[in-house]
Amino acid sequence: MFGAIEEQSEVGRRHLFMLRGSVQTLLVIAILLPSASAQQIVFTHAPNGGPPWPVEDVYSMDADGSGVKALTNDGHSHDAVWTSDGRGILFVHDDALQAPTHPEAKEFESYHSVELSMMDRDGGNRHLLRRLDGVIFSAAMSPDGKSLAMTYSPEAPPPRQSMRAGLYLLPSDGQGEPRLLVKDAFTPAWSPDGKKLAFSVENPRGEWALHVANADGADDVRLTDPVLISGSPAWSPDGKQIAFSQFTDQRRRQQIFVMDADGSHERQVTADSNWSCEHVSWLGDGARLVLSCRSAAAPCGVISSVGTVLPECTRRIFAVSLGDAQVVLKQLSVLDGASASVGPK
C-alpha cells in the first residue's frame, strides 16, 4: 500500500516537473516573441536633400527605436498616419506636374502632393486611394474608420503666392467630393471618440492658432493666441488633453506644450534650445510623447523665399516622459526623421 502511494507520488512529481518545464518554455517564448499589441511608429525619412526634391519615403520602427524598416522606396511618399484599426497606413504621395513650382530654380522639377495612398503595416498591398487636383498636405482617419479629415488646397498656387488650404472631409474609401469644413485650417487631429477635430488655423501676418470644432465643423472654438503660432495638435488617449507645438524664443524655435482639451492649464513640456520640435504624437497610455525635431543651429529646407537652395535639415525622432521632473529628449533613431505618428495599441 505504502509502495503504491510512493509510486503515485513519484508519478505526480514527474508530471509537476514536466508542467513546470512547459510553463518555463512558454514564458521564454512569450519573452522572445514581439507583443501583438506593441506600438509602432511611422515617420518620413529623407536620406538626402538633393533635387528634384528631398527624396522622402515612409519608414517604421518600434516604440523603442529598434526594428527600423523602409516601407516605401519611391522617394515621394511622406506624412504617413495609421488607420484607426492599426492594420494599415495612410500616406501622401507626390507626382510630377507640368508647370514648374519654382521657375527661379530650373533644376527643380515640379512635384506636388496629389495622391492619398494606403498600404498594409508592413508596406505590402500598396494602392491608390484617391488622386486630387491641387495639393494634399496631410490626412487623418476617424476613429470609426469611416472618414478622412485632410488639409487640402483644390488649386496649386501660382509661383511666389501663398498656399490657401482648408480642412476637408472625405469618405475613407476615397469616393465622393471633399467637403470643406474650415477655411485656412491645417494639421487635423481626431478626438478619441471621433466627435471633435483639433486643427491649426492660419491668420493674417503669419499667425497661427489652435482650434477645436465638432466633427461637422460646427462650434469652432479658438484655444490659443494666434500671436504665439501654435500647430500640430494631438489628442491624448483619454481625450482630456491636447499636445501641440508652439514657438518660443522670439519665434526662433518650436517647443512642445500640453493643455487641457478646453484650452486651460497650458504648460511647456520641452525646452531644449538645440532642437526645434513639432508634430507630436502620444505613446502608450499617455505618459510619453513622440516628437519630430530639427536642429535649431541653422535654417534648412529646400528653397528659400528668394530662390536659394538651403542646407539639408538635421531631423530626428525623440520621445519624452511627461512624468519626469526634468523632461529630457530621448533620441529614438540616428536616422533622419520627421512627421512621426504612433500607431494604436
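The model shown is predicted, which means the values in this text are computed figures rather than measured ones.

1. Regarding the sheet that holds strand β13 (residues 196-203)
The sheet built from 4 strands is open, its strands ordered β12-β13-β14-β15 with antiparallel pairing. Each edge of the sheet is formed by a strand with only one pairing partner; in this case those strands are β12 (185-190) and β15 (221-222). In this sheet, strand β14 (residues 207-214) lies alongside β13 in antiparallel orientation, the contact comprising 8 bridges. Along β14, the bridge assignment pairs N203 with E207.

2. A short note on the pattern of salt bridges
Per the counting criterion, the structure on display carries 8 salt bridges. Here E177 and R130 are joined by a salt bridge, their closest N and O atoms 3.6 Å apart. Of this pair, E177 sits in the loop between β10 (166-171) and β11 (179-183) while R130 is found in strand β7 (residues 127-131), placing the two residues 47 residues apart along the sequence. Residue classification places E177 among the exposed residues on the basis of a relative accessible area of 64%. Residue classification places R130 among the buried residues on the basis of a relative accessible area of 16%. Through salt bridges with shared partners, one network takes in E56, R315 and D336.

3. Describing the sheet that holds strand β22 (residues 315-321)
Across the sheet, which stays open at both edges, the 4 strands sit in the order β20-β21-β22-β23 with antiparallel pairing between neighbours. Edge strands, defined here as strands with exactly one partner in the open sheet, are β20 (275-283) and β23 (330-331).

4. Brief notes about unusual backbone geometry
In this structure, T187 is a non-glycine residue whose phi angle is positive, near 45°. A positive phi is found at I229, a non-glycine position, where the angle reads about 60°. Note on placement: I229 falls in the loop between β15 and β16 (230-235).

5. Focus on the confidence of the model for the protein chain
Chain-level statistics for the protein chain give a pLDDT mean of 83 and a share of 77% at 70 or above. Across residues 1-37 the pLDDT falls below 50, and counting only partners more than four positions away or on other chains, this stretch makes 1 contact in the model. Every residue in residues 100-108 is under pLDDT 50, and counting partners more than four places away or in other chains gives 18 contacts.

6. Some thoughts on the pairing of strand β21 (residues 288-295)
For β20 and β21, the ladder comprises 7 bridges, and the chain directions are antiparallel. Paired with L283 across the bridge in β21 is R288. As paired elements, β21 and β22 share 7 bridges and run antiparallel to each other. Note on β22: the bridge partner recorded for L291 is F318.

7. Observations concerning the pairing of strand β17 (residues 241-248)
With 7 of its 8 residues buried, β17 lies for the most part within the structure. Bridge count for β16 against β17 is 4 bridges, and the pairing is antiparallel. The residue of β17 that forms the bridge with A234 is A243. One ladder, built from 8 bridges, connects β17 with strand β18 (residues 253-260); its direction is antiparallel. Looking at β18, one finds that Q246 is bridged to Q255. Where β17 folds back onto β18 in an antiparallel hairpin, the turn is made up of 4 residues, including D249, whose phi is positive at roughly 55°.

8. Considerations on the side chain of S276
Residue position: S276 is located in strand β20. For S276, a relative accessible area of 2% puts it in the buried group. Polar contacts involving the side chain of S276 include one to the main-chain amide nitrogen of Q254, which spans 2.8 Å. Once you skip the residues sitting within four places of it in the chain, S276 turns out to touch R253, Q254, S292, C293, R294 and A296.

9. Observations regarding the state of the cysteines
Disulfides are covalent bonds that connect the sulfur atoms of two cysteines. Tallied over the entire structure, the rule returns 1 disulfide. Here C277 pairs with C293 through a disulfide, and the sulfurs are 2.0 Å apart. Taking the torsion about the S-S bond as the criterion, the C277 to C293 disulfide, at about 105°, is right-handed. Placement of C277 in strand β20 and of C293 in strand β21 is noted, with a sequence separation of 16 residues between them. Assessed through its relative accessible area of 0%, C277 is described here as buried. The exposure class assigned to C293 is buried, which follows from its relative accessible area of 2%.

10. Let's talk about the environment of L129
Relative to the assigned elements, L129 resides in strand β7. Taking the C-alpha atoms as reference, L129 lies 6.8 Å from D173; in sequence the two are 44 residues apart. The residues touching L129, leaving out its near neighbours within four places in the chain, are L90, L116, S117, M118, L148, S172, D173 and G174.

The rules behind the values
- Residues numbered from 1 in each chain as written.
- Predicted model: local features only at pLDDT ≥ 70, side-chain atom pairs only at ≥ 80, totals over all residues.
- Heavy atoms only, no water.
- Pairing = 2+ DSSP bridges.
- Helix = DSSP H or I, 4+ residues; strand = E, 2+ residues; numbered from the N terminus.
- Salt bridge = Lys/Arg side-chain N within 4 Å of Asp/Glu carboxyl O.
- Buried < 20%, exposed > 50% of the residue type's maximum accessible area, 1.4 Å probe, protein only.
- pLDDT = per-residue confidence, 0-100.
- Contact = heavy atoms within 4.5 Å.
- Polar contact = N/O pair within 3.5 Å; in protein donor to acceptor, adjacent residues only side chain to side chain.
- Disulfide = S-S within 2.5 Å.

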